[in-house]
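One letter stands for each residue in the lines below.
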Amino acid sequence: MKPAAFAYRAPASVEEALALLEANREAKLLAGGQSLVPVLNFRLASPPLLIDLNRIDALAGVREEADGTLAIGAMTRHRAIETSERVRRANPLLAAAMPYVAHAQIRNRGTIGGSLAHADPAAELPAVCLACDAQMLIQHTRGTRRVAAHEFFTGFFSTALTGAEVLVEVRFPAWPAERRAGFAEVSRRHGDFALAGVALTADVKDGRCERARIALFGAEDLPRLARADMLLQQPLDAKRIAEAARAVAAGSQPRADHHASAEYRRELVEVLVRRALEQALAS
Amino acid sequence: MNGGVPVTMSVNGQEVSATLEPRVSLADFLRERLNLTGTHLGCEHGVCGACTVIVDGAAVRACLLFAVQLEGARVTTVEGLAPEGELTDLQRAFREHHALQCGFCTPGFLTTAHAFLLERPQPSADEVRAALSGNVCRCTGYLGIVEAVLATAQARAKA
């Protein structure tokens, strides 16, 4: 299982990477490589050129802006996010999700931008971005553009990125004081991709839920926000939580594969939404 | 355009230079160019953990890295954990706790656990299980492996 031959370049800047992409539309960007390299090894893809982003220091790092936005460079490794005090303070949902992102050896190498651009429907980070209304900062040769998470994931392993763009930063808006987080997933083995999972935020004021974002992953062909309006302006109590969990499960379209049937995944969605909401309530 | 790419890295404390086809994985480079065959290849797609090596202090899968990416890096393989002919305390604990049978997965467990204990010297049993979850063993049932890692941590705390 060896990849087909390819040429290799490791530019030192995003501009250089974009110029290489512009000249080689069939090229692939290499981030942490934890999903791309298996694809190459299986020869599911055989790009003529790999553009390695690992030498672009400007793409790695966690930054907090004056307005509380948490800006994470696309080449920041999972492990750096997992161990970041700043992340723990600024975004409890992202911090809660990180230990579930693959195994330690993969977190040591894999990057947030790579995971989001790969857009595996069972990955945790796309759902976290949806639940946090994160924005993707995308660079092309003529400038940058921002895409909201809910417009970024467009289908099965598909995103809004074109072949001539580089995802350079993920931007998580400031975390309001009243925001609670919940995260739950079920996988066959700790660190494996989830059979189903839920990442959610709920803004609770005086015991009432003013805003909720329930993101499902693993269960369907792409991560998505489920309807959460049944929670709004209601006291977040056990009865309401159970009803909301049932409603989200009823509205889901789970996939079936050799890991789990659609019926089992729908059951998981109900249980996981309930657990994640209970976590949010307890936090 | 597919010509060789020069790379220089440190492997087990020794500087090595080579000119390589970009598609040569770090695992194949270690095994076939440097004859460091302690790094085993199981699945070659990042699932089994047998090829785990330590790069700049972090346990990573050598089958998911291309050797040409390692310019300037410090690589430690299972051969580099202890001086020639010696065993680390962790390796001895593996022997004492029956943490290996056929031994195919063992290099990956040793490198993973070695890096983990440096980062987390006094882990709980659950933390050990989580840390080792990316390594597959088909012989031992894992109990001996978890015991060996915990015993090493306890012995180090007493020392």
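Computed from a predicted model, the values in this text were never measured in an experiment. (Residues numbered from 1 in each chain as written. Chains lettered and ligands numbered in written order. Predicted model: local features only at pLDDT ≥ 70, side-chain atom pairs only at ≥ 80, totals over all residues.)

1. Considering the overall build of chain A
Worth spelling out the cut-off: Segments assigned H or I by DSSP are reported as helices when at least four residues long, segments assigned E as strands when at least two residues long, and all are numbered from the N terminus. We compute the radius of gyration over the C-alpha atoms and compare it with the globule rule, which gives 2.2 Å times the number of residues raised to the power 0.38. Each residue is classified by how many other C-beta atoms fall within 10 Å of its C-beta atom, where C-beta atoms are placed from the backbone; a count of 20 or more means buried, 12 or fewer means exposed, and values in between mean partly exposed. We call two residues in contact whenever the C-beta atoms placed from their backbones are within 7 Å.
Within chain A one finds eleven helices and 14 strands. By the compact-globule yardstick of 19 Å for 283 residues, chain A fits well, its C-alpha radius of gyration being 19 Å. Dimensions of chain A, computed from the C-alpha atoms along their principal axes, are close to 60 × 45 × 30 Å. The buried share among the 283 residues of chain A stands at 49%. For chain A, contacts bridging at least 24 residues in sequence account for 64% of all contacts bridging at least 6.

2. A look at the domain arrangement of chain B
All names here are of chain B. The following threshold applies: Delimitation of the domains relies on an automatic or database domain assignment.
Structurally, chain B comprises domain 1 (5-80) and domain 2 (89-158). Tallying the contact residues gives 14 residues for domain 1 and twelve residues for domain 2. Secondary structure elements with two or more residues in the side of domain 1 that touches domain 2: β3 (52-55) and β4 (58-61). Per-element accounting of the side of domain 1 that touches domain 2 gives the leading share, three residues, to β3.

3. Some remarks on the sheet that holds strand β13 (residues 208-217) of chain A
Residue and element names in this part refer to chain A. So the rule is basically this: A strand pair is defined by DSSP finding two or more bridges across the two strands. Here the axes come from fitting lines to C-alpha atoms, over the contacting stretch only for helices, and the angles between their N-to-C directions go from 0 to 180 degrees.
If you walk across this open sheet you meet the four strands as β11-β12-β13-β14, and the pairing is antiparallel. Because the sheet does not close on itself, it has two edges, and the strands there are β11 (179-187) and β14 (224-226). For this sheet, the mean angle separating the axes of adjacent strands, direction not counted, is 20°. With three bridges joining them, β13 and β14 adopt antiparallel strand pairing. Considered in β14, the bridge of Ile214 is made with Ala226.

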